[in-house]
Structures are given as C-alpha cells and as structure tokens.
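Results of the structural survey
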Amino acid sequence: MSRAVLSFVASCTLASVSLAQDEPQAPDETIEYTSFKGQDRQLYPWTGEHIVFLTQANDLDPGAMAGLIEVFDGIWSFYAEATGRRPRKFKEHEGKAIIAVEPDTCGAGCGYLGYTGIELMPDYFTHLYETFRDSGEIDQVLPYEFGRNFWFYGEQLEYHGKQNTGTITTGYAVLMRFWALEAVERSVGPFQGAPGVVFTETIHGLVDEYESSKKASWKNTLLKGRGVANRLNLGATDLFASLLMRARSVSAREDFVTRVWRFAGEQPPAEDTKEAAGNLVVAASLAAETDLTELFKSWGFPVSRAVRKRIKEGLADGALLSAVGSETAPEAGVGSYVFEATTATSEKPLRVWYYVPDRTVKRTKVLFVLHDRDRGGERLRNRWLEIAKNKRVVLLVPEFSELHYPDSRSYELGNRFDADGGGLPEEQWTFNAIDPVFDHASQALGLHAESYSMYGYGAGAQFIQRFVFWRPERVDVAVAANAGSYTPPVSAEAWPHGLADESLSPAQLARAFEAQLIVAVGKKAIEPSGDTAEIRAQGLNLVERGESFFQAARKRAKSERTRLRWKLELVSGAGDSSYYMRSPASRLLGL
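Given the structure is predicted, the values throughout are model-derived calculations rather than measurements.

Conventions we followed
Residues numbered from 1 in each chain as written. Predicted model: local features only at pLDDT ≥ 70, side-chain atom pairs only at ≥ 80, totals over all residues. Heavy atoms only, no water. Salt bridge = Lys/Arg side-chain N within 4 Å of Asp/Glu carboxyl O. Helix = DSSP H or I, 4+ residues; strand = E, 2+ residues; numbered from the N terminus. Buried < 20%, exposed > 50% of the residue type's maximum accessible area, 1.4 Å probe, protein only. Pairing = 2+ DSSP bridges. Contact = heavy atoms within 4.5 Å. Phe/Tyr/Trp six-rings, centres within 6.5 Å; stacked < 30°, edge-to-face > 60°. Lys NZ or Arg CZ within 6 Å of the ring centre and 35° of its normal. Disulfide = S-S within 2.5 Å. Axes fitted to C-alpha atoms, helices over the stretch in contact; angles between N-to-C directions. Right-handed = clockwise from strand over helix to strand, strands pointing away. Parallel < 35°, antiparallel > 145°, perpendicular 65-115°, else oblique. Left-handed = near helix turned anticlockwise from the far one by under 90°. Nonpolar A, V, L, I, M, F, W, Y, C, P; charged D, E, K, R; others polar. Core = buried A, V, L, I, M, F, W, Y, C linked by side-chain atoms within 4.5 Å.

1. Here we look at the pattern of salt bridges
Enumeration over the complete set of coordinates arrives at 21 salt bridges. A salt bridge links Arg41 to Glu102; the nearest nitrogen and oxygen atoms lie 2.8 Å apart. Residue Arg41 is found in strand β2 (residues 40–47), and its partner Glu102 is found in the loop between β5 (96–101) and β6 (109–111); the two are separated by 61 residues along the sequence. Residue Arg41 is classed as partly exposed on the basis of its relative accessible area, which comes to 24%. Of the charged contacts, one joins Arg392 and Asp358 as a salt bridge, the two residues approaching to 3.1 Å between their closest N and O atoms. In this pair, Arg392 is assigned in the loop between α16 (385–391) and β11 (394–399) and Asp358 in the loop between β9 (350–356) and β10 (366–370), connecting sequence segments 34 residues apart. For Arg392, a relative accessible area of 40% corresponds to the partly exposed category.

2. Section: the pairing of β2
Where strand β1 (residues 31–34) lies against β2, four bridges are found, and the strand directions are antiparallel. When the sheet's bridge partners are listed, Glu32 is paired in β2 with Gln42. Taking the residues that link successive antiparallel strands as the turn, the β1-β2 hairpin has five residues, and the phi of Gly38 there is positive, at about 85 degrees. Here β2 pairs with strand β3 (residues 51–55) via four bridges, running antiparallel. Counterpart to Pro45 in the pairing with β3 is Leu54. Connecting the antiparallel pair β2 and β3 is a turn made up of three residues.

3. Digging into the environment of Thr131
Looking at the element boundaries, Thr131 is found in helix α4 (residues 122–135). Sequence-wise, Thr131 and Leu591 are 460 residues apart; in three dimensions their C-alpha atoms are separated by 60 Å. Sequence-distant contacts of Thr131, that is, excluding residues within four places in its chain, are made with Gly136, Glu137 and Pro190.

4. Looking at the packing of aromatic side chains
This model, assessed by the stated rule, comprises 43 aromatic pairs. For the ring pair Tyr337 and Tyr354, a centre distance of 6.0 Å and an interplane angle of 50 degrees mean the geometry is tilted. One end of the pair, Tyr337, is in strand β8 (residues 333–339); the other, Tyr354, is in strand β9, with 17 residues separating them in the sequence. A residue is classified by how much of its surface remains accessible, and Tyr337, at 0% relative accessible area, is buried. Its end group placed over the ring of Trp429, Arg416 keeps NZ or CZ at 4.7 Å from the ring centre.

5. Considerations on the side chain of Gln140
Within the secondary structure, Gln140 is located in the loop between α4 and α5 (141–149). For Gln140, a relative accessible area of 11% corresponds to the buried category. Once you skip the residues sitting within four places of it in the chain, Gln140 turns out to touch Arg177, Val188, Phe191 and Phe199.

6. What to know about the state of the cysteines
Scanning all chains against the criterion turns up one disulfide. Here Cys106 connects covalently by a disulfide to Cys110, the sulfurs 1.8 Å from one another. Across the disulfide from Cys106 to Cys110, rotation about the S-S bond amounts to roughly 115 degrees, and the bridge is consequently right-handed.

7. Looking at the sheet that holds strand β15 (residues 567–571)
Read from one edge of the open sheet, eight strands run β8-β9-β11-β10-β12-β13-β14-β15, paired in mixed fashion. Both outer strands of the open sheet, β8 and β15, are each paired with one neighbouring strand and no more. Sheet twist, expressed as the mean angle between neighbouring strand axes with direction ignored, is 20 degrees. Of the strand pairs in this sheet, strand β13 (residues 475–481) and strand β14 (residues 517–522) are connected by four bridges, and their pairing is parallel. Bridge pairing in β14 links Ala480 to Val519. Most of the contacts of helix α17 (residues 434–445) go to β8, to which it runs at about 130 degrees, and overall it touches β8, β9, β10, β11 and β12 (452–457).

8. Re the pairing of β13
Both faces of the sheet carry side chains from a regular strand, because those side chains alternate between them. Judged by how many residues are buried, β13 sits mostly within the fold: six of seven residues are covered. Summarising the sheet, β12 and β13 pair through five bridges and their orientation is parallel. Note that in β13 the partner of Met454 across the bridge is Ala478. This β-α-β element, β12 to helix α18 (residues 459–470) to β13, shows right-handed connectivity.

9. Considerations on the packing of helix α19 (residues 506–514) against helix α21 (residues 542–560)
Contact geometry of α19 with α21 gives a least axis separation of 11 Å together with a crossing angle of 130 degrees. Classed by the angle they form, the pair α19 and α21 counts as oblique. Where α19 crosses over α21, the handedness of that crossing is left-handed. Between α19, through Pro506, Leu509 and Phe513, and α21, the contact on the second element is made entirely by Ala553, Arg556, Ala557 and Glu560. Its residues assigned to classes, the contact of α19 with α21 comprises five nonpolar, no polar and two charged.

10. Here's the deal with the nonpolar core
Phe53, Phe72, Phe146, Trp179, Trp261 and Phe301 are the most contacted members of the largest nonpolar core, which totals 98 residues. The element contributing the most residues to this core is helix α3 (residues 62–83), with twelve residues. Leave out the neighbours within four places in its chain, and Trp179 touches Phe78, Leu244, Met245, Arg248, Phe256, Val257, Val260 and Trp261. With 58 residues, the next largest nonpolar core counts Tyr411, Phe431, Ala459 and Phe463 among its residues.

Structure representation (structure tokens):
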C-alpha cells in the first residue's frame, strides 16, 4: 500500500478513536425519513462523522454497527479526498449523508449521481451487516453506490451518442469500490458465489485477458459496452476498472488514486466520444507524472496530437491541482473560501473559487465568472484558469449552490421576489452579493481597483444582464453569453419578462444603459429552444432572443433620450456551447 493511502488510513483511524472509547449504544428513538419514492418511514439513526445509517430495527449489535460506521466514514473521506469535491446535498440528517434501509428502491442499492443519499434493500443491508459482523469483509454494493454519489465527470469522460452505454460512469464506481476498501484496509466480501479474493483477482486480471486477446480492442469493448471473457462474466465496466488499475501500477506517483479524478475534473468538456477518451488519457498521464499515451494506444484508445500536446505541456509545467480548502480569503494560487460577510449571504453563504497570480499590483484586474445552472464553481474556475494565468487577472467564481439558491428565481432572477411573488428586501437579493465579494477580495489582496469585469454563460448570462439594471456602477465590462432568456427594458411586460411596475427610475435606467454590457450570442445557436411561451415570444432560438433584447434596449434608450453603450456581438464559429465561447469572450472582455 502506498504511503499516501497509509497516511490517509491513519487519519481515518485517528478520527474514529472517540467512537471506540465509549461503549457503543443502539439508538432508542426513530427519526422520520422520506424515501426516494416519497414514502415516509420511521427509522433508527446510527450516526458517524460523515454518514448515518437509518435502519428498520435497533436490535443490531452496537459494536458491529460502530465498526460499519467507522468503515464507511473512512470510505466517505476517501472519496472526498480522491475527488476533492463533495456531492450536492439531497438526503442528509444533521449534515451527514444518509444510508437508509428501504424496501421500495431502484435496485439492491440506489444512489443518485453527484448527490448525497443511498438506499439499500433490507436483504442487502442484512448481508452487509452479517458479512462484516462475522468476517470483517465488506459487501461490494454500498462502496459501489458511493461511487455514484461522487461521480462528477460525465461531461469530461462519458462517451457520446450510441456509445454512451454508461460504461465509464459505472466503471468509475466499480473501480472506486476497490480503491476505497483498500484505503480503509478492508477486503471485499463474496460476489456471485465466489470468494472476495477471487472477485478481486478476476477484476485485476481482465486487462491481461484483454491484452492477450487477438480480437479485443477499444472499439469492440468499451466503445460498445462489452467486456472480455472471464470466469465471473464481468462486463465492460469491470474492464474499464481493470485498465485503470493497470495505469496506476505503472504510475510514477504513489498517490495516483487521489490525483487521477481531480485531473479528470480539470479537463474541458468533451464534444464527442474520442475527446472523452482522450481526456482520460490526459488525466491518467498527469496523475501518473508519466506519459501513458503508448499504454493507452496499445489498448486501442484514440490518442490525438492535441492529447499528446496537452500531456507534454502539463508534464513540463507541473500539474496544478486544487481542493476545497478552509481559507477565509483568496491568496496566491488556486483555492476556495466561504464568504459570509454580508447580510445577503450570511444565512446563505457563497463558496468563492479563485485564482490569484503569484504577483499582483494595485491595478491588477478582477474578473468575475458566473456559472450556468450546473452550479459548478470549481469546474468553471478551472476552465478559465489558463486565461486568468496568461492575462494575470484575479479570477473569482462565486458558487450559488442549489442548497441555498435552488431555482432560477433565487439565482439568475436575483432573488428579488419570493415563491409567491412577494417582494424581498434588497439585502436578500443575489445581485447584492457581488460588490461585497469584490471589496473583500480587494482588501485581502491589497488591490486598488475600483471596478471589475464580469462574464456569464446561460444562467450566468441571465444574472449579468439583469444585474446591470440594478448594480451597474462598478462594472467595467460585462459579457452575457447565450442567455436563454432576457428581461428587456419594456414596460408592457412584468418581471422577469419586462420592467412593468418596477421601481427603476429614469436615472437608474440611464446608468444601466451606460454600463458596457456586451450581449454575445453564438451565430450557430439557431436550434429552436425555450420551455415557456413567454421565452419563445422573445425569439425561437438564442440568436433571435439576443437580437430582440438588444433592439428593445435601443428603442427604450431612444425614447428616454439617453446614451446606450450596450453592444450585440454574434460570435462566428460558436453555437450553444460554452467551450467555444470562452476565447471570444476573453477578447470581448479586453483581457
């Protein structure tokens, strides 16, 4: 076992000492749990540091349950360490991820991709509990389901179109259950009647069967969701796991298992299956600190010149990884911190992902990038990292989490109204979070900049377009790219489709028109879209809506006899994709 994994296990063991110091006790009261399918249950909570088991009975051996809690607290910590991320909150009790015994769920075990919460059918929980109690081994179902909770890489790694059989997504969970059990020094239990050791050996040996076969190739296995012949009839997902196990074995890094997925998250979204396969080759090579292209080519993976170049440049520069930290302010390099300093965010804190150049001056520029509805602040920061480094700007990406800002009303519409349409106080508007974040970062970094630039795509573009109505004073340049809908400055429609009965004075509107807002739309974004009649009334596609919004602004500015500094930019070569908008946006921002 590597030093990195041993160190990790030691930290987990130390964290669980307090559990062993007191005599374990069974819970004597139930709590209410609502299942994935909406069934209300009364279940007994067995609580750890990161997870809580909810069981139908409390007559289980408290010592065995304490041991299970220790194991799965460690597994949860391993996944968090390996990915550098946490699942979005869905099923939790007192801030801890729920593992509930539930008879009516979606399979032996059930967990949503990227969200907390797992359900186990009673027979499978009993098997998990009895196997651990009697032998100390861990049944494979629950460690696998953690791999679903901690899956964040679909747009980078999963295949496209007909090739999207789920092989990569599921293969990740298949692989990570073994690495997670290794990290907490536990063995997997029996599988399909075979002892756990046979199961493990078979998984490891799939790559040997693959390499020795004259017929097996990437195109007729992973690409088609097929495996290779083996004694347990394991499939493509298990073959994927075996290939990554081999990549780890040739790695120059002992901590490969805690690096490869972080590098996967740093890759650009894949436009097709070949790019997704190439992203895996890049991530594995950077994690290994070794160019693994020849290994992956021997397996039949497509390896383009672009992939080779990214690996060469990454290995030459030294790979940059980030993780969720405990900082309270930005500092040189990459990181994140929780911002709680204003009324607008104190009850709904923002995590701010950032990049700060190693050397700043008083006039170093500050760029805010606003995320789309995916709320992926870290991923967005990473996608803008190269631009920020090359242009030596401070990059700030506030993350309006789904926990605190769960819908369009509370995020891109500014949280100006509650769910019933009643007005909310200005201190609760999300529009009012940007300036305090800027002031806080500027003070921490010793900057003297009085204004900042902004970029947003999709929902982030909607946020920015509306933001300039209410808080334009400190905006240098704002680029709103491919907004799905707009709030045009017309008095015939109510918010958010217009400004009827709004409190904007002529002077405020004039200040908004003075802001340097650039409405950017990909010329190829001409596919029909829009999920409501009000949005479709603005135009049948993104291009029509952008043009309609800009013309409405010109008409209103003319009627108000005020200057309009807004611009409409149709971006050649771009459609409805944030990837192809990034470079043009950098130019429009004047970076």
